[in-house]
Amino acid sequence: MGTMHPNEAETDADLVRRLLRAQFPRWAELPISRLASGGTVNAIYRLGADLTVRLPLHPGGAEAVAMEARLLPQLAPLLPLPIPEVVATGAPGEGYPLPWAVHRWIEGRNPVEGDLSEPRLVAKGLAEFAIAIRQIDLPGGPPAHRGKPLITEDQETRTAIEALRRTDEPFDADEITAAWEEALAVPPWTGPACWTHSDLMPSNLLLAGDRVSAIIDFGTVGMGEPATDLIPAWNLLPASARPAYRDAVDVDDATWARGRGWALSMAVIQLPYYRDTNPVISANARYVIREILATSAQREQGPAPARPGPSTRARKKIRTAMSRIRARLRPRGERDHNGSHDHQGEPRWPSTCC
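Keep in mind it's a predicted model, so treat the numbers as computed, not measured. (Residues numbered from 1 in each chain as written. Predicted model: local features only at pLDDT ≥ 70, side-chain atom pairs only at ≥ 80, totals over all residues. Heavy atoms only, no water.)

A. Fine view of the pattern of salt bridges. Throughout the structure, instances matching the rule amount to 17 salt bridges. Linking Arg 246 and Asp 253 is a salt bridge whose minimum nitrogen-to-oxygen distance equals 2.5 Å. (Salt bridge = Lys/Arg side-chain N within 4 Å of Asp/Glu carboxyl O.)

This is the structure:
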């Protein structure tokens, strides 16, 4: 993976060892190896068996070092999944210009968008996290990285759409614009600001087996609106699992639609910027855009409210009567079959950090 940002800090394992010798000599002789990652903010090095070293690539990422050291110990006991533990923070040195951090290693693997063997289990774990973080009552939280209304992303999103139009990416820029304007037409959030992670990308999630085992990289955490934590519905889950996630996170139509808008905006901004330098992020952005253009916002909001139907007792009588009719019509010797399948042939619910 090439350089992603202008004036990006250069890092390698030798730099990490020199920093450790100067500031944390007790770890200086442990094995060091850079981790493959789709992250765009930090270079991550595994340090021995139990630690990682995170070196911000640019000053914007460095701002998170002190914030995470302060907030992660407060947030950890309030969340249902493990999150990073800061073991030490380092100072600039050895030619490296930024603060940096040592974290505890968390075992797991990053999921791949649309490629989950049990997406319902993943959806359940993500929903539990999204609900728990928005219910946290912890004063003094900073503004989330995506804590402002969706409309504040309009100019950058439209600029990115035009940049995408000039590439050979196989997307209709006018369709993307229409989907974006549909999201902007949704009423804004009027509730109180709540805690959000606001960057639940696959590279910030870990799986153990088929379940979400940890949420990592809290550099964007803060106070905002809950829609920003709905983005896994489009950047990770297959369409067949999206309704399960929506039911579990329990949000209204407007919040769900704003989450869709956030996912679209992020992907559209990422793709032209990272398409030649970060294959993990650009592949994810393409997935999001395909998923959103393939399904209208109206369909994703679910069916219209059902009309009042028969009572439970009446429905039971109807089912009994229909069973008797089917039994009379069934060829002799044929048994009942209650096998299920997903609607319209959709598949059944089929590392570390950045």
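Having seen the structure, we can now continue with the description.
B. Here's a closer look at the packing of aromatic side chains. Tallied over the entire structure, the rule returns 6 aromatic pairs. Here Tyr 245 and Trp 256 contribute two aromatic rings whose centre-to-centre distance is 6.4 Å and whose plane-to-plane angle is 55°, an arrangement assigned as tilted. Of this pair, Tyr 245 sits in helix H7 (residues 242-249) while Trp 256 sits in helix H8 (residues 253-274), and the two are 11 residues apart along the sequence. Of the two residues, Tyr 245 and Trp 256, neither departs from the other in class, the shared state being buried. Taken together, the ring pairs in this structure connect Phe 24, Trp 27 and Trp 100 into an aromatic cluster. It is Arg 26 that lies over the ring of Trp 27; its NZ or CZ is 4.1 Å from the centre. (Phe/Tyr/Trp six-rings, centres within 6.5 Å; stacked < 30°, edge-to-face > 60°. Helix = DSSP H or I, 4+ residues; strand = E, 2+ residues; numbered from the N terminus. Buried < 20%, exposed > 50% of the residue type's maximum accessible area, 1.4 Å probe, protein only. Lys NZ or Arg CZ within 6 Å of the ring centre and 35° of its normal.)

C. Structural detail: the sheet that holds strand E5 (residues 100-104). On the basis of which strands lie adjacent, the open sheet formed by 5 strands has the order E1-E2-E3-E5-E4 and antiparallel pairing. Edge positions in the sheet fall to strand E1 (32-34) and strand E4 (86-90), since each of these pairs with one other strand and no more. Between one strand axis and the next, the sheet turns through 25° on average, direction left out of account. Pairing of E1 with strand E2 (residues 42-47) involves 3 bridges; the strand directions are antiparallel. Bridge pairing links Arg 34 to Tyr 45 in E2. (Pairing = 2+ DSSP bridges. Axes fitted to C-alpha atoms, helices over the stretch in contact; angles between N-to-C directions.)

D. The arrangement of the nonpolar core in detail. Within the largest apolar cluster, 62 residues are counted, with the highest numbers of intra-cluster contacts made by Leu 75, Leu 79, Ile 215, Phe 218, Tyr 245 and Ile 289. Sort the elements by how many residues they give to this core and H8 lands first, with 9 residues. Judged by nonpolar contacts, the second largest core, of 22 residues, contains Leu 19, Phe 24, Trp 27 and Leu 51. (Core = buried A, V, L, I, M, F, W, Y, C linked by side-chain atoms within 4.5 Å.)

E. Focus on the packing of helix H4 (residues 154-165) against H8. Between H4 and H8, the shortest axis-to-axis distance is 8 Å and the interhelical angle comes to 45°. Classified by the angle their axes make, H4 and H8 are oblique. Two packed elements cross with a definite hand, and for H4 against H8 that hand is left-handed. Every residue of H8 that contacts H4 at Glu 156, Thr 157, Ala 160, Ile 161, Ala 163 and Leu 164 is listed here: Ser 265, Val 268, Ile 269, Leu 271 and Pro 272. Grouping the amino acids of the contact of H4 with H8 by side-chain chemistry returns 8 nonpolar, 2 polar and 1 charged. (Parallel < 35°, antiparallel > 145°, perpendicular 65-115°, else oblique. Left-handed = near helix turned anticlockwise from the far one by under 90°. Contact = heavy atoms within 4.5 Å. Nonpolar A, V, L, I, M, F, W, Y, C, P; charged D, E, K, R; others polar.)

F. Looking closely at the confidence of the model for the protein. Averaged over every residue, the pLDDT of the protein is 85; the share at 70 or more is 81%. Here residues 303-354 scores under 50 on pLDDT; set against residues more than four positions off or in separate chains, the count is 53 contacts. (pLDDT = per-residue confidence, 0-100.)

G. Looking closely at the pairing of strand E8 (residues 211-215). Counted residue by residue, E8 has 4 buried out of 5 residues, so it is predominantly covered. Sheet topology places strand E7 (residues 205-208) next to E8; 4 bridges connect them, and they run antiparallel. Residue Leu 205 lies in a different strand from E8, and its bridge partner there is Ile 215. Between the antiparallel neighbours E7 and E8 lie 2 residues, among them Gly 209 with a positive phi of about 65°.

H. Representation of helix H9 (residues 279-294). Taking 1.5 Å as the rise per residue, H9 with 16 residues should run 22 Å; its terminal C-alpha atoms sit 22 Å apart, in good agreement. Along H9, the residues that are buried comprise Ile 281, Ser 282, Asn 284, Ala 285, Tyr 287, Val 288, Ile 289, Glu 291 and Ile 292. In this structure, the buried residues of H9 make contact with H4, helix H5 (173-184), helix H6 (232-235), H7 and H8. (Expected span 1.5 Å × (residues − 1).)

I. Expanded view of the pairing of E2. Buried residues dominate E2, accounting for 5 of its 6 residues. Summarising the sheet, E2 and strand E3 (residues 51-56) pair through 6 bridges and their orientation is antiparallel. In the sheet register, Tyr 45 faces E3, and the bridge partner there is Val 53. Here E2 folds back onto E3, and the loop between the two strands holds 3 residues, one of which, Gly 48, carries a positive phi near 65°.

J. Representation of the environment of Ala 263 in the model. Among the structural elements, Ala 263 can be located in helix H8. Take Ala 263: its relative accessible area is 3%, and that puts it in the buried class. Ala 263 sits 25 residues away from Val 288 along the chain, and the two C-alpha atoms are 7.0 Å apart. Setting aside chain neighbours within four positions, we find Ala 263 in contact with Ile 231, Trp 234, Val 288 and Ile 292.

K. Quick peek at H8. When the terminal C-alpha atoms of H8 are compared, their 31 Å separation across 22 residues agrees well with the 32 Å that a helix rising 1.5 Å per residue should span. The buried fraction of H8 amounts to 18 of the 22 residues, a majority that puts the element mostly inside the structure.

L. Spotlight on the side chain of Thr 196. Position of Thr 196 among the secondary structure elements: in strand E6 (residues 194-196). For Thr 196, a relative accessible area of 0% corresponds to the buried category. With sequence-adjacent residues up to four places away left out, Thr 196 is seen in contact with Ile 133, Ala 144, Thr 220, Val 221, Gly 222, Gly 224, Glu 225, Pro 226, Thr 228 and Asp 229.

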